[in-house]
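What follows is the residue order along each chain.
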Amino acid sequence: MSIPIGNSGKTTLEVAREAAKLAGKLAKERFEGEKGIRFKRPGDVVTDVDTEAEALIFALIQQEFPDHTLVGEESASDVRADEGYAWIVDPVDGTRNYSVGLPIYSTVVGLALDGEVLVGVNYDPERDDLFEAQRGGGAYLNGKPIHVSKKTEIKDCIIGFDLPYSDVGARYELDMLAQAVWPNMGTVRSIGSSALGISYAAAGKTDMYFQHRLSPWDMVAGILLVEEAGGVITDRNGNRATLYSDGIIASNPSLHEEFLRLTEGADWRLPAM
Ligand code: IPD
Ligand code: CA
Ligand code: CA
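Residues numbered from 1 in each chain as written. Chains lettered and ligands numbered in written order. Predicted model: local features only at pLDDT ≥ 70, side-chain atom pairs only at ≥ 80, totals over all residues. Heavy atoms only, no water.

(A) Focus on the sheet that holds strand E11 (residues 187–190). Across the sheet, 5 strands lie side by side as E11-E10-E12-E14-E13; this open sheet has mixed pairing. In the strand order of this sheet, the two ends are held by E11 and strand E13 (232–234), each with one partner. Pairs of neighbouring strands in the sheet enclose a mean axial angle of 15 degrees, with direction left out of account. Sheet analysis places E13 next to strand E14 (residues 248–251), joined by 3 bridges and oriented antiparallel. By the bridge assignment for E14, Val-232 is matched with Ser-251. Helix H7 (residues 253–262) rests against strand E12 (208–211), E13 and E14 of the sheet, and its axis sits at about 140 degrees to E14. (Pairing = 2+ DSSP bridges. Helix = DSSP H or I, 4+ residues; strand = E, 2+ residues; numbered from the N terminus. Axes fitted to C-alpha atoms, helices over the stretch in contact; angles between N-to-C directions. Contact = heavy atoms within 4.5 Å.)

(B) Structural context of the sheet that holds strand E9 (residues 144–145). The sheet built from 7 strands is open, its strands ordered E3-E4-E5-E6-E7-E8-E9 with mixed pairing. Across the chains shown, the open sheet's two edge strands, defined by having one partner strand only, are strand E3 (69–72) and E9. Pairing analysis gives 7 bridges linking strand E5 (residues 106–113) to strand E6 (residues 116–124), with the strands arranged antiparallel. What sits directly across from Leu-113, in E6, is Glu-116. Lying on the sheet, helix H2 (residues 48–64) is in contact with E3, strand E4 (85–93) and E5; it crosses E4 at an angle near 150 degrees.

(C) Molecular detail of the side chain of Asp-218. Relative to the assigned elements, Asp-218 resides in helix H6 (residues 216–228). Buried charge without a partner: Asp-218 forms no salt bridge, and the closest opposite charge is Arg-41, 7.9 Å away. Within polar-contact distance, the side chain of Asp-218 engages the backbone nitrogen of Ser-215 at 2.9 Å. Those residues in contact with Asp-218 that sit more than four places away from it in its chain are Asp-90, Asp-93, Ser-194, Ala-195 and Ile-198. (Buried < 20%, exposed > 50% of the residue type's maximum accessible area, 1.4 Å probe, protein only. Lys, Arg positive; Asp, Glu negative; His and termini not counted. Salt bridge = Lys/Arg side-chain N within 4 Å of Asp/Glu carboxyl O. Polar contact = N/O pair within 3.5 Å; in protein donor to acceptor, adjacent residues only side chain to side chain.)

(D) Representation of the coordination of the calcium ion (ligand 3) in the model. Surrounding the calcium ion (ligand 3) are the protein donor atoms Glu-73 (OE), Asp-90 (OD) and Val-92 (O), which sit 2.2 to 2.3 Å from the metal. Along the chain, the residues donating to the calcium ion (ligand 3) fall in the pattern E-x16-D-x1-V. Between the calcium ion (ligand 3) and the calcium ion (ligand 2), both coordinated by Asp-90, there is a metal-metal distance of 3.7 Å. Of this pair, Glu-73 sits in the loop between E3 and E4 while Asp-90 sits in strand E4, and the two are 17 residues apart along the sequence. (Donors = N, O, S within 2.8 Å, 3.2 Å for Na, K, Ca; no water.)

Shown next as structure tokens:
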């Protein structure tokens, strides 16, 4: 699969990195100050920083790759990312955290070709943590290779997750945890940034991450990071994750298999509006 070079001669990974850092820098500079905040729907907030950061990223990518499709949560969420070269951007993932001053958020930039993710970057400006991967080239955190957890049993695990916006999906997650997983597990962490949640599972900081329903910009970097870090990332039924997967489970192969077994027949497998 050929990974394109930008107009200035920069590699795709260099452009993705630069774009994510540019937006992350803006978000960090504005973290303490007043932000314009509005609710898109109950529980789903957006700030003026999200919109400005996405515009910055789009401008940079457009300069380098004028023919590529741009998909972004704030200004191009209806554009499909599964045909040709498509850049997929979440300018601030974890906006609910960001809007109240919780320093757990990140910027996601990825490139897919016909829906297959080629490059993915997730940048946490508060810790200056850069998670990145290129297909076939491994996954890295701040330049060092990362790998998924080596744990083999859910009883020893830290499981990351987040509640989806759908009340039905959230109920399915909580019931599934209470009825199928707890108390034979280590503990859980609701992170507030699914992109960081998946990246932490890729880096083996947590042992697993799940969410009932995410969007392409939440998952684009994570899908590649987990696969390149030796993990398995699928939808709720165990099918290999795509940008349009219905839900996500990310872990190492043996924990993933145990989780699928435990959750077989649970309502969590059902879609929710
Ligand atoms: C949200 C976060 C959250 C997840 C939501 C996402 P946003 O993204 O990743 O953890 O539970 O489903 O929409 O709105 O902060 O970019
Ligand atoms: Ca997001
Ligand atoms: Ca966002």
